[in-house]
Amino acid sequence: MSSKSAPPPLPEPLGVAVADSHTHLDMQDGTVEEALARAAAVGVTTVVQVGCDIKGSRWAAETAAAHREVHAAVALHPNEAPRIVLGDPDGWSRQAAREAGGDSALDDALAEIDRLAALDEVKAVGETGLDHFRTGPEGMAAQERSFRAHIEIAKRHDKALVIHDREAHADVLRILAEEGAPERTVFHCYSGDAEMAEVCAAAGYFMSFAGNVTFKNAQPLRDALAVAPAELVLVETDAPFLTPAPYRGRPNAPYLIPVTLRAMAAVKGLDEDTLASAIAANTARAFGY
């Protein structure tokens, strides 16, 4: 195995245990048990497992039911909704190509997310939102309809809402305002600037920072973190994606949370334990566990 593809080493353990607020264990190598054991060894004692489609959302709920340190989030990813409605001849995602199902297929999929959202082990509805990077104009209507439906599901079940916002900041904020955001709303892999962080803070939205906050070109993200109130900040891996520097490009996993948290503490001018204590409390509050 080349060093480029090898998993990074275990970091120094945290002094205060924290949660990985957003991970995809189903896309990582090894077993769930191995991933949880490695994470716990460095002080990451809780993970939120996030579904992106029906199959992944069912898996998230089952995995959370089987492991007390796992909580589930269930949703149709913003890029999944247009694929359900319009079909996907190329099958760009991890699923195969599929036929167009139209609006009724989206209704059926949303009904299953609604069913899963009622389960105790499911603490959030997400990741949902808008993705203007991956989905073209033809898919926007399906994406927006799905987002609005997920907001309604989250509110009805009193679950957190986990938002995927890719190059769609203004539209995401507008739809949240139009629909009325759930009491607990999390911007996963926060990607806005400092100005948007102030808007989110005023609305009481949680901002979850991932490994990309450590990237050299991510100064706007660090500026956003600097102004984000400590009581609204979360940390996540989005593993296997967004591995923090200096391991960028290698597989990410919940055990690498300490690397990102230490970089965040430096940006905020807080000591590691102070930030970890805040993040632990924030994550429990955001997801209601």
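Please read these numbers as outputs of a predicted model, since none were measured by experiment.

Student: Looking at this structure, I do not really get the nonpolar core. What am I missing?
Tutor: A general feature of soluble globular proteins is that nonpolar side chains tend to end up buried together. With 83 residues, the main nonpolar core has Phe147, Leu176, Phe187, Tyr190, Phe209, Met264 and Phe287 as its most contacted residues. The greatest single-element share of this core, amounting to six residues, is contributed by helix H4 (residues 102–117). Leaving out residues up to four positions away in the same chain, Leu176 has contacts with Phe147, Ile151, Leu161, Ile163, Ala181, Thr185, Phe187 and Tyr205.

Student: What is the right way to read the packing of aromatic side chains from this model?
Tutor: To describe a pair of aromatic rings, you give the distance between the ring centres and the angle between the ring planes. Under the definition given, this model contains two aromatic pairs. Plain terms: the ring middles of Phe187 and Tyr205 are 5.7 Å apart, the flat faces sit at 35 degrees to each other, and that makes the pair tilted. In this pair, Phe187 is assigned in strand S6 (residues 185–187) and Tyr205 in the loop between helix H7 (194–203) and strand S7 (206–209), connecting sequence segments 18 residues apart. Tyr205 shares its class with Phe187; the two are buried. Ring geometry for Tyr190 and Phe209: centres 5.4 Å apart, planes at 45 degrees, overall tilted. Taken together, the residues Tyr190 in the loop between S6 and H7 and Phe209 in strand S7 connect sequence positions 19 residues apart.

Student: Is there a simple way to think about the pairing of strand S4 (residues 122–131) in this case?
Tutor: If a strand is regular, its side chains alternate between the two faces of the sheet. Across the ten residues that make up S4, a large majority, ten, are buried. Here strand S3 (residues 70–74) runs beside S4; their pairing, made up of three bridges, is parallel. Following the sheet pairing, Ala73 is matched in S4 by Ala124. Note: S4 against strand S5 (residues 160–166), six bridges, orientation parallel. Bridging from a neighbouring strand, Asp131 pairs with Arg166 of S5. For the crossover that starts at S4, traverses helix H5 (residues 140–157) and ends in the parallel S5, the hand is right-handed.

Student: What should I look at first to understand the environment of Thr63 in this one?
Tutor: Structurally, the position occupied by Thr63 is in helix H2 (residues 54–66). What makes Thr63 buried here is its relative accessible area of 6%. With 129 residues separating them along the chain, Thr63 and Gly192 place their C-alpha atoms 31 Å apart. A distance of 2.8 Å separates a polar side-chain atom of Thr63 from the backbone oxygen of Trp59.

Student: Can you walk me through the confidence of the model for the protein in this structure?
Tutor: Parts of the model with low pLDDT should not have their predicted coordinates read in detail. When pLDDT is averaged along the protein, the result is 95; 98% of the residues meet or exceed 70. Confidence scores differ between elements of the protein, with helix H3 (residues 80–86) showing the lowest mean pLDDT of 94 and strand S8 (residues 233–235) the highest of 99.

Each value, and the rule that gives it
- Residues numbered from 1 in each chain as written.
- Predicted model: local features only at pLDDT ≥ 70, side-chain atom pairs only at ≥ 80, totals over all residues.
- Heavy atoms only, no water.
- Core = buried A, V, L, I, M, F, W, Y, C linked by side-chain atoms within 4.5 Å.
- Buried < 20%, exposed > 50% of the residue type's maximum accessible area, 1.4 Å probe, protein only.
- Helix = DSSP H or I, 4+ residues; strand = E, 2+ residues; numbered from the N terminus.
- Contact = heavy atoms within 4.5 Å.
- Phe/Tyr/Trp six-rings, centres within 6.5 Å; stacked < 30°, edge-to-face > 60°.
- Pairing = 2+ DSSP bridges.
- Right-handed = clockwise from strand over helix to strand, strands pointing away.
- Polar contact = N/O pair within 3.5 Å; in protein donor to acceptor, adjacent residues only side chain to side chain.
- pLDDT = per-residue confidence, 0-100.

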